[in-house]
Each structure stands twice: as structure tokens, then as C-alpha cells.
Amino acid sequence: MKVAVVGSRKRKDEAARVAIVALVNALPAGSVVVSGKCEGPDQWAAAAARARGLEVLEFEPDLSGCKQRFEYTKRYYERNQRVVDACDRVAAFVAPDRKGGTEDTIRRAEKAGKPVDLH
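Residues numbered from 1 in each chain as written. Predicted model: local features only at pLDDT ≥ 70, side-chain atom pairs only at ≥ 80, totals over all residues. Heavy atoms only, no water.

A. Here's a closer look at the overall build of the protein chain. Summing up its helical and strand segments, the protein chain has four helices and five strands in all. Moving toward the C terminus, one meets the helices and strands of the protein chain in the order β-α-β-α-β-α-β-α-β. For the protein chain, whose C-alpha radius of gyration is 13 Å, the value lies close to the compact-globule estimate of 14 Å for 119 residues. Viewed in the frame of its principal axes, the protein chain has a C-alpha envelope of about 40 × 25 × 25 Å. A buried classification covers 42% of the 119 residues belonging to the protein chain. In the protein chain, of all internal contacts separated by at least 6 residues, the share reaching a separation of at least 24 is 68%. In the protein chain, the 22 positive side-chain charges and the 17 negative ones have mean positions that sit 2 Å from each other. (Helix = DSSP H or I, 4+ residues; strand = E, 2+ residues; numbered from the N terminus. Rg over C-alpha atoms; globule rule 2.2 N^0.38 Å. Buried < 20%, exposed > 50% of the residue type's maximum accessible area, 1.4 Å probe, protein only. Contact = heavy atoms within 4.5 Å. Lys, Arg positive; Asp, Glu negative; His and termini not counted. Charge placed at Lys NZ, Arg CZ, Asp CG, Glu CD.)

This is how it looks when you write it as C-alpha cells:
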């Protein structure tokens, strides 16, 4: 099973970190954690997976040549699609304002028919 664990960079709270570690520790042996490699939830999930000896797939946006904000946004959204394409389900740690890249990933996963668990 490939699980994308994604979350808002605004989620820097200890409760989220503890929940992410618990989620990763509860995954079946042989699971793969998929990450967008952002600060906070993405990195916590990757670290917890590595600590368990699970495989981690990390996707970073290609920001080369970007000069304007819309170009950066487009590249991050392309990265989000790669995360969704690589996983079977998504665990999303959302921000209170429900804005940003995590929400884009949720929409993409739902459109692809992949289960999304909100935290």
C-alpha cells in the first residue's frame, strides 16, 4: 500500500507530529510513504517511515526557470499531481483555513477516486 502523507506547512503543532508518527507506525509492513517533501507534516512522515524501515517516495517541484509567482504555483501543483499519481490513498493534515497546496492535493486525489482521510 502506498500512502501519501501530506499536510499544510502551517501545521507545526506537536499534536499533528504525534498523529503523523502514529499513523505511519500503524501502516502495514511493506507500505510505502509518499511525500511532497515540504516542511512539517511531509518531512515528519518521511522520517517516521524511514525510522520503521519503510520505503519513502519524495517528490519535489522543479522550480528551475521560475520567475513569477504563478510559475512557482504551477510547478507545486504539478508536484502534487505526481504525489497523487504515486499513491493509493491520501492522509491529509489540513490547516484551519483550508487553503494552499494540501487542498490542491486533496482535490486531485478525490478527482482520481483515491480515498482521502482528513486530519
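Following the structure, the description resumes.
B. Seen up close, the environment of Phe59. By secondary structure assignment, the location of Phe59 is in the loop between β3 (55-58) and α3 (69-86). Along the chain, Phe59 and Phe93 lie 34 residues apart, while their C-alpha atoms are 18 Å from each other.

C. Structural context of the side chain of Ser31. Along the chain, Ser31 turns up in the loop between α1 (14-26) and β2 (32-35). Under the relative-accessibility criterion, Ser31 is labelled buried at 2%. A polar contact is formed between the side chain of Ser31 and the backbone oxygen of Pro28, at a distance of 2.7 Å. Contact partners of Ser31, with chain neighbours within four places excluded, come to Met1, Leu54 and Glu55. (Polar contact = N/O pair within 3.5 Å; in protein donor to acceptor, adjacent residues only side chain to side chain.)

Everything listed here is a matter of geometry and, on its own, says nothing about what the molecule does.
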